[in-house]
Amino acid sequence: MSTVLQTNHFKNEATITPLPIHTIGVIGAGQMGTGIAHVCAQNNYQVQIIDTNPNQLNKVLTAIGLNLDRQIKKNIIKQDQKESILEKIKIHSQLNSLSKCDLVIEAATENPEVKSKILKEVCSILPEHSIIATNTSSISITKLAAVTQRPEKFIGMHFMNPVPIMQLIEVIRGLGTDEKTFITITHVAEKLGKTLAIAEDFPGFIVNRILLPMINEAVYTLHEGVGSVESIDTAMKLGTNQPMGPLELADFIGLDTCLSIMKVLYEGLADSKYRPCPLLVKYVEAGWLGRKTKKGFYDYSTDRPTPTK
């Protein structure tokens, strides 16, 4: 059972019946979209996952199968549940495959132009009752809702990575989000077994408003020669009891994603403390995006990651 934080948002819950959600569409078959599809299918939703990149689509069921195998080894699920979960997931390359979804979760790249284009297109395909959620980690929900023609049925639903393991979902209402949409999404999140943190629609919301400036400061610490990659990560792991150092975590998130979020914070809050570190910009320009390109603050081309600086 999930936990919901900031329960003052639920003043009308007793009088509102959530919309029935049976089929969930997921736009984007990257790491986040794949994880979202996994947890939705595992919790008895029918899932339609869409991506225009055939290479990404071909990896979806394999990736989810491997994650399910890990869950079987940890006794989270039983062996006979695996096929049942995978059978609930259908992969497609066209947005019109979402036409019968009750809820669509957009999990495309963290770029407002890309997201807006997708949201405009999908809005014309969905039935009138359908809710659209965005998995954005930093972009204004109100701004994205404005392109959908149904701002009252639009909401932020920010999952954490890796989705099957991380327990949190940030739920963010846009200016026009109605109470029924909000209550429905909290019920979906509860069914997924997640804990909810209700955030206001400010740049970065809660998690990334705090996390990304820490990562950015770690990059500045490296940039200014205060410490090496290994010393910075070791200091933060052992000195603050974090499971992953900030530079290792940046590689895991993706340096392009980190930069995108820092730009949203810097532009949205107009405070110099959110200025992206020039070294972070340089790594992204070089295509050193972290684990997904096998090079970032660490080189992942060998069995043991080694610092690149």
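Provided above is the structure to which this section pertains.
Report on the accompanying structure. Because the structure is predicted, anything quoted here is derived from the model rather than measured.

Let's shift gears to the overall build of the protein. Regarding its fold elements, the protein presents 11 helices and 10 strands. For the protein, the C-alpha radius of gyration of 20 Å lies close to 19 Å, the compact-globule estimate for 309 residues. For the protein, the spread of C-alpha atoms along the principal axes amounts to about 55 × 45 × 35 Å. The buried share of the protein, taken over its 309 residues, is 48%. Of all intrachain contacts in the protein linking residues separated by at least 6 positions in sequence, the fraction that spans at least 24 positions is 67%.

All right, on to helix H4 (residues 112–123) then. Between its terminal C-alpha atoms H4 stretches 16 Å, which fits the 16 Å expected from 12 residues at 1.5 Å a residue. For H4, the N-terminal cap is Asn 111; the gap from its side-chain oxygen to the backbone nitrogen of Glu 113 is 2.9 Å.

Judged by nonpolar contacts, the single largest core of 43 residues is most densely connected at Ile 24, Leu 103, Met 157 and Phe 159. For this core, the element with the highest residue contribution is helix H1 (residues 31–42), accounting for six residues. In contact with Ile 24, not counting residues within four places along its chain, are Cys 40, Tyr 45, Gln 46, Val 47, Gln 48, Cys 101, Leu 103, Ile 105 and Val 188. Grouped together as the second largest cluster of nonpolar side chains are 27 residues, Val 219, Tyr 220, Ile 261 and Leu 280 included.

For strand S1 (residues 23–27), a buried count of five out of five residues is recorded, marking the element as mostly surrounded by other parts of the structure. Residue alternation in S1 divides its side chains into two sets, Thr 23, Gly 25 and Ile 27 and Ile 24 and Val 26, and both sets are buried. Relative to strand S2 (residues 46–50), S1 runs parallel, the two sharing five bridges. Considered in S2, the bridge of Val 26 is made with Ile 49. A crossover connection joins S1 to the parallel S2 through H1; in handedness this β-α-β unit is right-handed. Bridge analysis of S1 against strand S4 (residues 103–106) gives four bridges, and the strand direction is parallel. By the bridge assignment, Ile 27 is partnered in S4 with Glu 106.

Moving on: the packing of aromatic side chains. Enumeration over the complete set of coordinates arrives at three aromatic pairs. Judged by centre distance (5.3 Å) and plane angle (75°), the rings of Tyr 283 and Trp 288 are edge-to-face. Owing to a relative accessible area of 28%, Trp 288 belongs among the partly exposed residues under this scheme. An aromatic cluster is present here, built from Tyr 283, Trp 288 and Phe 297 joined pairwise through their rings. Sitting over the ring of Phe 182, Arg 173 keeps its end group 4.5 Å from the ring centre. Positioned above the aromatic ring of Tyr 45, the side-chain terminus of Lys 191 is 4.2 Å from the ring centre.

Looking now at the sheet that holds strand S5 (residues 131–134). What the eight strands build is an open sheet, ordered S3-S2-S1-S4-S5-S6-S7-S8; its pairing is mixed. Of all the strands in the sheet, just strand S3 (89–92) and strand S8 (195–199) have a single pairing partner and so form its edges. Ignoring strand direction, the axes of neighbouring strands in this sheet form an average angle of 25°. Sheet contacts for helix H6 (residues 179–191): S1, S4, S5, strand S6 (154–159), strand S7 (168–173) and S8; angle to S6, the most-contacted strand, approximately 25°.

Here the focus is the environment of Gly 174. Its location among the elements puts Gly 174 in the loop between S7 and H6. Separated by 26 residues in sequence, Gly 174 and Glu 200 have C-alpha atoms that sit 8.3 Å apart. Every residue in contact with Gly 174, bar those within four places of it in the chain, is listed here: Ile 141, Thr 142 and Asp 201.

So, how was this worked out
- Residues numbered from 1 in each chain as written.
- Predicted model: local features only at pLDDT ≥ 70, side-chain atom pairs only at ≥ 80, totals over all residues.
- Heavy atoms only, no water.
- Helix = DSSP H or I, 4+ residues; strand = E, 2+ residues; numbered from the N terminus.
- Rg over C-alpha atoms; globule rule 2.2 N^0.38 Å.
- Buried < 20%, exposed > 50% of the residue type's maximum accessible area, 1.4 Å probe, protein only.
- Contact = heavy atoms within 4.5 Å.
- Expected span 1.5 Å × (residues − 1).
- Polar contact = N/O pair within 3.5 Å; in protein donor to acceptor, adjacent residues only side chain to side chain.
- Core = buried A, V, L, I, M, F, W, Y, C linked by side-chain atoms within 4.5 Å.
- Pairing = 2+ DSSP bridges.
- Right-handed = clockwise from strand over helix to strand, strands pointing away.
- Phe/Tyr/Trp six-rings, centres within 6.5 Å; stacked < 30°, edge-to-face > 60°.
- Lys NZ or Arg CZ within 6 Å of the ring centre and 35° of its normal.
- Axes fitted to C-alpha atoms, helices over the stretch in contact; angles between N-to-C directions.

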